[in-house]
Each structure stands twice: as C-alpha cells, then as structure tokens.
Amino acid sequence: MGAAMPAAAPAAETASVTVKVSALASTSSTVKLYFYNTRAGFLKSGKWAFSKSVKPEGKREITLPVELPKGEWAVAITQDMNNNDKVDKNFLGIPTEPYAFSNNIRPTVAAPDFNECKFMVDGPGRVVSIVLKD
C-alpha cells in the first residue's frame, strides 16, 4: 500500500468587508491602509497582515472592498501628503500627516491598543467607516 497523501490544510474562510474612509485631507495624496489581525503586531512596522494603497482620484472619500479571513481585525490609515512613501512624524514620534484607526479611536497621548480598534469579521457585508484625522 502506498503512503496516504497528507490532507491539505483547509483554506481560511473569508468574508467581504468594505472599508470607507472619509474626510480625506487631500484629493490627490495616496491613502495607505494597514490591516492587522494580531495584538502583538499592531502598529509595528512590517507586522501588518497586508496593506493597500489607494489614490483618492479627486474625491474626499475612498471605498475599498477587501476579503478578510474571519476573526478579529484592526485597520490603521495614513494619508501620505508629500508622497514620500512613509509616515512623517515629529520628534515625539507622533504622525504629522493625517491618520486614523478603525472604530474611529482618537488617541490623545499614546498609540491605541489593538483591542480598542478591533472589529469582528464573521460574515459578508461588514462595512468599516473611518473618518480621517488631520
């Protein structure tokens, strides 16, 4: 008898989510969306699950449909006003370009926690609305 083939790991079940970002500071500067699904990696450079860049094409709002594996997610957003492909920060490490987080969390001193920004993806049709902070 031949060896049994190992069973393929089941693909993670995904759901469609629409991210809407409004009140953009610029109608031409790139909006960058960073998607996180772990508390440990939240807001750490390069630790996002994936990222997307969207040009507003003359609008003050963007809509981005994405397929996300079911579970807890959080989104951080920046608008790259000078198109230098990075988030500019002041000497305290606070972004000097517009930014926002899912659940419209508005941190005052420290960066927000994953638990404050997370939302559950458990079925299709979820809409995450975020207002950009300038």
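Okay, so let's go over this structure.

What counts, and where the lines are drawn
- Residues numbered from 1 in each chain as written.
- Predicted model: local features only at pLDDT ≥ 70, side-chain atom pairs only at ≥ 80, totals over all residues.
- Heavy atoms only, no water.
- Patch = residues over 30% accessible without salt bridge, like charges linked within 9 Å, V, L, I, M, F, W, Y side chains within 5 Å.
- Areas by Shrake-Rupley, 256 points an atom, 1.4 Å probe, with all protein chains shown as cover.
- Salt bridge = Lys/Arg side-chain N within 4 Å of Asp/Glu carboxyl O.
- Helix = DSSP H or I, 4+ residues; strand = E, 2+ residues; numbered from the N terminus.
- Pairing = 2+ DSSP bridges.
- Axes fitted to C-alpha atoms, helices over the stretch in contact; angles between N-to-C directions.
- Buried < 20%, exposed > 50% of the residue type's maximum accessible area, 1.4 Å probe, protein only.
- Lys, Arg positive; Asp, Glu negative; His and termini not counted.
- Contact = heavy atoms within 4.5 Å.
- Core = buried A, V, L, I, M, F, W, Y, C linked by side-chain atoms within 4.5 Å.
- Phe/Tyr/Trp six-rings, centres within 6.5 Å; stacked < 30°, edge-to-face > 60°.

### A short note on a nonpolar patch on the surface
Here comes step 1: Side chains of Phe91, Leu92 and Ile94 sit close together on the surface and give an oily, nonpolar patch of about 380 Å² of accessible area.
Here comes step 2: Tracing the sequence through the fold places phenylalanine 91 in the loop between β5 (71-79) and β6 (99-101).

### Looking at the sheet that holds strand β1 (residues 14-22)
Here comes step 1: Here three strands make up an open sheet; going across it, the order is β4-β1-β8 and the pairing mixed. Looking at the sheet topology across the chains shown, the edges are occupied by β4 (62-69) and β8 (126-131). Between one strand axis and the next, the sheet turns through 25° on average, direction left out of account.

### Points about the pattern of salt bridges
Here comes step 1: Summed over all chains, the structure comprises four salt bridges.
Here comes step 2: Aspartate 85 serves as the salt-bridge partner of lysine 32, at 2.1 Å between the closest nitrogen and oxygen. Placement of lysine 32 in strand β2 (residues 31-36) and of aspartate 85 in the loop between β5 and β6 is noted, with a sequence separation of 53 residues between them.
Here comes step 3: Notably, a salt bridge pairs arginine 39 with aspartate 113, separated by 3.1 Å at the nearest N-O pair. Placement of the pair is arginine 39 in the loop between β2 and β3 (50-54) and aspartate 113 in the loop between β6 and α1 (114-117), with a sequence separation of 74 residues.
Here comes step 4: For aspartate 113, a relative accessible area of 26% gives the class partly exposed.

### Here we look at the side chain of aspartate 80
Here comes step 1: With respect to the helices and strands, the residue aspartate 80 is situated in the loop between β5 and β6.
Here comes step 2: The side chain of aspartate 80 sits in the buried core without any salt bridge; lysine 32 is the nearest counter-charge, 4.5 Å away.
Here comes step 3: Setting aside chain neighbours within four positions, we find aspartate 80 in contact with Ser29, Thr30, Lys32, Asp85, Lys86 and Glu97.

### Remarks on the nonpolar core
Here comes step 1: The biggest cluster of nonpolar side chains holds 22 residues, and the ones touching the most others in it are Leu33 and Phe35.
Here comes step 2: Of all elements in the fold, only β1, β2, β4, β5, β7 (119-121) and β8 reach the threshold of two or more residues within this core.
Here comes step 3: In contact with phenylalanine 35, other than residues within four places in its own chain, are Val19, Trp48, Ala49, Phe50, Lys52, Leu64, Val66, Leu68, Trp73, Ala74 and Val75.
Here comes step 4: In this structure, Tyr34, Tyr36, Ala76 and Tyr99 belong to the second largest nonpolar core, which totals 10 residues.

### Looking at the packing of aromatic side chains
Here comes step 1: Taken as a whole and assessed by the stated rule, the structure comprises six aromatic pairs.
Here comes step 2: When the ring of phenylalanine 35 is compared with that of phenylalanine 50, the centres are 4.5 Å apart and the planes differ by 10°; the resulting orientation is stacked. On the criterion of sequence distance, the pair formed by phenylalanine 35 in strand β2 and phenylalanine 50 in strand β3 is long-range, its members being 15 residues apart.
Here comes step 3: Among the residues examined, phenylalanine 35 registers a relative accessible area of 0% and is labelled buried.
Here comes step 4: Under the relative-accessibility criterion, phenylalanine 50 is labelled partly exposed at 23%.

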